[in-house]
Amino acid sequence: WYAMLGYPEGSIRSHRQHVRDILHPDDAPRGRTALLAMFRGERDDFQVEHRFRHQDGRYVDILSRGKVIERDARGRALRAIGTHVDVTALKHTEARLRDSRQLLETVIDAVPMRMFWKDTASRYLGCNRRFAEDVGLPDGT
(Lines give C-alpha, C1' and ligand atoms only; values in the text may rest on other atoms or scores of the structure.)
Protein backbone atom coordinates (compact mmCIF):
# COMPACT_ATOMS: atom_id res chain seq x y z
CA TRP A 1 0.00 0.00 0.00
CA TYR A 2 2.85 2.34 0.86
CA ALA A 3 4.67 1.62 -2.40
CA MET A 4 1.49 1.86 -4.49
CA LEU A 5 0.86 5.38 -3.21
CA GLY A 6 4.48 6.49 -2.90
CA TYR A 7 4.72 6.84 0.88
CA PRO A 8 7.72 5.60 2.88
CA GLU A 9 6.99 2.45 4.84
CA GLY A 10 5.94 3.26 8.38
CA SER A 11 5.07 6.86 7.58
CA ILE A 12 1.35 6.41 8.20
CA ARG A 13 0.44 6.57 11.87
CA SER A 14 -3.35 6.49 11.58
CA HIS A 15 -4.61 4.56 8.57
CA ARG A 16 -8.16 5.88 9.04
CA GLN A 17 -7.07 9.55 9.15
CA HIS A 18 -4.59 9.11 6.30
CA VAL A 19 -7.26 7.58 4.07
CA ARG A 20 -9.54 10.55 4.79
CA ASP A 21 -6.71 12.93 3.89
CA ILE A 22 -5.78 11.31 0.56
CA LEU A 23 -9.13 9.98 -0.68
CA HIS A 24 -10.59 12.12 -3.47
CA PRO A 25 -13.42 14.15 -1.89
CA ASP A 26 -15.91 13.13 -4.61
CA ASP A 27 -15.30 9.44 -3.87
CA ALA A 28 -15.58 9.54 -0.07
CA PRO A 29 -19.39 9.18 0.26
CA ARG A 30 -19.60 6.12 -2.03
CA GLY A 31 -16.73 4.35 -0.27
CA ARG A 32 -18.03 5.18 3.19
CA THR A 33 -21.54 3.95 2.33
CA ALA A 34 -20.24 0.61 1.02
CA LEU A 35 -17.91 0.09 3.96
CA LEU A 36 -20.50 0.94 6.60
CA ALA A 37 -23.09 -1.35 4.98
CA MET A 38 -20.62 -4.19 5.24
CA PHE A 39 -19.68 -3.44 8.85
CA ARG A 40 -23.34 -3.13 9.89
CA GLY A 41 -24.17 -6.53 8.41
CA GLU A 42 -26.26 -5.28 5.49
CA ARG A 43 -23.72 -6.92 3.18
CA ASP A 44 -20.95 -9.46 3.65
CA ASP A 45 -18.54 -7.72 1.30
CA PHE A 46 -17.92 -4.58 -0.73
CA GLN A 47 -16.20 -3.48 -3.90
CA VAL A 48 -15.58 0.17 -4.71
CA GLU A 49 -13.36 2.05 -7.15
CA HIS A 50 -12.02 5.33 -5.89
CA ARG A 51 -9.09 7.69 -6.30
CA PHE A 52 -6.29 8.15 -3.78
CA ARG A 53 -3.79 10.99 -3.96
CA HIS A 54 -0.28 9.67 -4.51
CA GLN A 55 2.51 11.33 -2.54
CA ASP A 56 3.57 13.13 -5.76
CA GLY A 57 0.11 14.76 -6.00
CA ARG A 58 -1.45 12.75 -8.85
CA TYR A 59 -4.48 10.55 -8.25
CA VAL A 60 -4.28 6.77 -8.49
CA ASP A 61 -7.38 4.71 -9.33
CA ILE A 62 -7.79 1.99 -6.71
CA LEU A 63 -10.15 -0.97 -6.64
CA SER A 64 -10.95 -1.71 -2.99
CA ARG A 65 -12.52 -4.98 -1.97
CA GLY A 66 -13.33 -6.17 1.50
CA LYS A 67 -15.09 -8.98 3.29
CA VAL A 68 -16.15 -9.54 6.87
CA ILE A 69 -14.73 -12.82 8.13
CA GLU A 70 -16.09 -12.72 11.68
CA ARG A 71 -19.16 -11.14 13.28
CA ASP A 72 -20.40 -10.96 16.85
CA ALA A 73 -23.74 -12.38 18.00
CA ARG A 74 -25.48 -9.13 17.00
CA GLY A 75 -24.07 -9.28 13.47
CA ARG A 76 -21.51 -6.50 13.86
CA ALA A 77 -18.18 -6.97 12.14
CA LEU A 78 -15.32 -8.11 14.36
CA ARG A 79 -12.75 -8.91 11.69
CA ALA A 80 -12.50 -8.00 8.03
CA ILE A 81 -9.97 -8.48 5.28
CA GLY A 82 -9.50 -6.47 2.13
CA THR A 83 -7.33 -5.53 -0.79
CA HIS A 84 -6.41 -2.40 -2.72
CA VAL A 85 -5.41 -2.87 -6.35
CA ASP A 86 -4.03 -0.09 -8.55
CA VAL A 87 -6.29 -0.03 -11.63
CA THR A 88 -4.98 3.26 -13.02
CA ALA A 89 -3.58 1.67 -16.19
CA LEU A 90 -6.88 -0.15 -16.75
CA LYS A 91 -8.84 3.11 -16.36
CA HIS A 92 -6.53 4.85 -18.88
CA THR A 93 -6.97 1.95 -21.32
CA GLU A 94 -10.76 2.12 -20.92
CA ALA A 95 -10.69 5.87 -21.64
CA ARG A 96 -8.55 5.36 -24.76
CA LEU A 97 -10.91 2.60 -25.92
CA ARG A 98 -13.95 4.89 -25.43
CA ASP A 99 -12.20 7.67 -27.38
CA SER A 100 -11.22 5.26 -30.15
CA ARG A 101 -14.75 3.91 -30.39
CA GLN A 102 -16.20 7.41 -30.54
CA LEU A 103 -13.78 8.33 -33.33
CA LEU A 104 -14.68 5.18 -35.28
CA GLU A 105 -18.42 5.86 -34.89
CA THR A 106 -17.93 9.44 -36.06
CA VAL A 107 -16.00 8.30 -39.14
CA ILE A 108 -18.52 5.57 -40.00
CA ASP A 109 -21.43 8.00 -39.63
CA ALA A 110 -19.64 10.49 -41.92
CA VAL A 111 -19.33 7.96 -44.76
CA PRO A 112 -21.91 8.88 -47.43
CA MET A 113 -22.64 5.21 -48.19
CA ARG A 114 -25.11 3.12 -46.23
CA MET A 115 -23.24 0.61 -44.04
CA PHE A 116 -24.15 -2.20 -41.68
CA TRP A 117 -22.29 -5.12 -40.14
CA LYS A 118 -23.26 -8.54 -38.88
CA ASP A 119 -21.74 -11.31 -36.80
CA THR A 120 -20.89 -14.75 -38.19
CA ALA A 121 -24.49 -15.88 -37.53
CA SER A 122 -25.76 -13.03 -39.75
CA ARG A 123 -27.21 -11.07 -36.82
CA TYR A 124 -27.07 -7.32 -37.25
CA LEU A 125 -24.55 -5.73 -34.91
CA GLY A 126 -24.71 -2.14 -36.07
CA CYS A 127 -24.98 0.36 -38.85
CA ASN A 128 -24.13 3.92 -39.72
CA ARG A 129 -26.60 6.78 -39.37
CA ARG A 130 -27.49 6.88 -43.09
CA PHE A 131 -28.49 3.20 -43.12
CA ALA A 132 -30.46 3.65 -39.88
CA GLU A 133 -32.38 6.58 -41.33
CA ASP A 134 -33.14 4.69 -44.56
CA VAL A 135 -34.61 1.70 -42.74
CA GLY A 136 -36.56 3.89 -40.30
CA LEU A 137 -34.78 3.09 -37.05
CA PRO A 138 -35.80 5.47 -34.26
CA ASP A 139 -33.65 8.60 -33.88
CA GLY A 140 -31.59 7.48 -36.86
CA THR A 141 -29.65 5.00 -34.70
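Definitions and limits used
Residues numbered from 1 in each chain as written. Predicted model: local features only at pLDDT ≥ 70, side-chain atom pairs only at ≥ 80, totals over all residues. Heavy atoms only, no water. Pairing = 2+ DSSP bridges. Helix = DSSP H or I, 4+ residues; strand = E, 2+ residues; numbered from the N terminus. Axes fitted to C-alpha atoms, helices over the stretch in contact; angles between N-to-C directions. Buried < 20%, exposed > 50% of the residue type's maximum accessible area, 1.4 Å probe, protein only. Polar contact = N/O pair within 3.5 Å; in protein donor to acceptor, adjacent residues only side chain to side chain. Core = buried A, V, L, I, M, F, W, Y, C linked by side-chain atoms within 4.5 Å. Contact = heavy atoms within 4.5 Å. Expected span 1.5 Å × (residues − 1). Arc of directions from axis to C-beta. Phe/Tyr/Trp six-rings, centres within 6.5 Å; stacked < 30°, edge-to-face > 60°. Lys NZ or Arg CZ within 6 Å of the ring centre and 35° of its normal.

Caption draft 1: Local environment of the sheet that holds strand E3 (residues 77-86). Taken in spatial order, the three strands line up as E1-E2-E3 in an open sheet, and their pairing is antiparallel. Both edges of this open sheet fall to strand E1 (45-53) and E3, since each of them pairs with a single strand only. Sheet twist, expressed as the mean angle between neighbouring strand axes with direction ignored, is 30 degrees.

Caption draft 2: Highlighting the side chain of Asn128. Secondary-structure assignment places Asn128 in the loop between strand E5 (124-127) and helix H5 (129-134). Using a relative accessible area of 0% as the deciding quantity, one classes Asn128 as buried. A distance of 3.1 Å separates the side chain of Asn128 from the backbone nitrogen of Phe131, its partner in a polar contact.

Caption draft 3: Expanded view of the environment of Phe131. Positionally, Phe131 belongs in helix H5. The exposure class of Phe131 is buried, given its relative accessible area of 17%. Taking the C-alpha atoms as reference points, Phe131 and Asp109, 22 residues apart in sequence, are found 9.2 Å from one another.

Caption draft 4: Region of interest: the pairing of E3. Across nine bridges, the pairing between strand E2 (residues 59-71) and E3 is antiparallel. Bridged to Glu70 within E3 is Arg79.

Caption draft 5: Summary view of the nonpolar core. Residues Met4, Leu5, Tyr7, Val19, Ile22, Leu23, Phe52, Val60 and Ile62 constitute the largest nonpolar core, which totals nine residues. For this core, the elements supplying multiple residues, two or more each, are helix H1 (2-5), helix H2 (15-22) and E2. If near-sequence neighbours (up to four positions away) are discounted, Leu5 is found in contact with Ile22, Phe52, His54, Gln55 and Val60. One finds Ala34, Met38, Val48 and Val68 within the second-largest nonpolar core, a separate group that totals five residues.

Caption draft 6: Region of the structure containing unusual backbone geometry. One non-glycine residue with positive phi stands out, namely Ser122, at about 65 degrees. Structurally, Ser122 is set in the loop between strand E4 (116-118) and E5.

Caption draft 7: Helix H3 (residues 28-40), seen in detail. Helix length check: H3 (13 residues) gives 18 Å between terminal C-alpha atoms against 18 Å at 1.5 Å per residue, within 8%. For H3, every residue scored as buried is listed here: Gly31, Ala34, Ala37 and Met38. The arc that holds every buried residue of H3, seen down its axis, measures 135 degrees, which confines them to one face. Away from the buried face of H3 by more than 90 degrees, exposed residues Arg32, Thr33 and Arg40 are located. Along its buried surface, H3 packs onto E1, E2 and E3. Once H3 ends, the next one or two residues include Gly41, with phi positive near 95 degrees.

Caption draft 8: The packing of aromatic side chains, seen in detail. The final tally for this structure, using the stated rule, is three aromatic pairs. A centroid spacing of 6.1 Å and a plane angle of 80 degrees characterise the contact between Trp1 and Phe52, whose relative ring orientation is edge-to-face. Here Trp1, found in the segment before H1, pairs with Phe52, found in strand E1; they are 51 residues apart in sequence, far enough to count as distant. Relative accessible area serves as the criterion here: at 27%, Trp1 is assigned to the partly exposed category. By relative accessible area, Phe52 is classed as buried at 2%. Their ring planes at 55 degrees and their centres at 5.3 Å tell us that Phe116 and Tyr124 sit as a pair that is tilted. Grouping aromatic residues by their ring pairs yields a cluster made of Phe116, Tyr124 and Phe131. Here the guanidinium or amino end of Lys118 rests over the ring plane of Tyr124, the centre of that ring lying 4.6 Å away.

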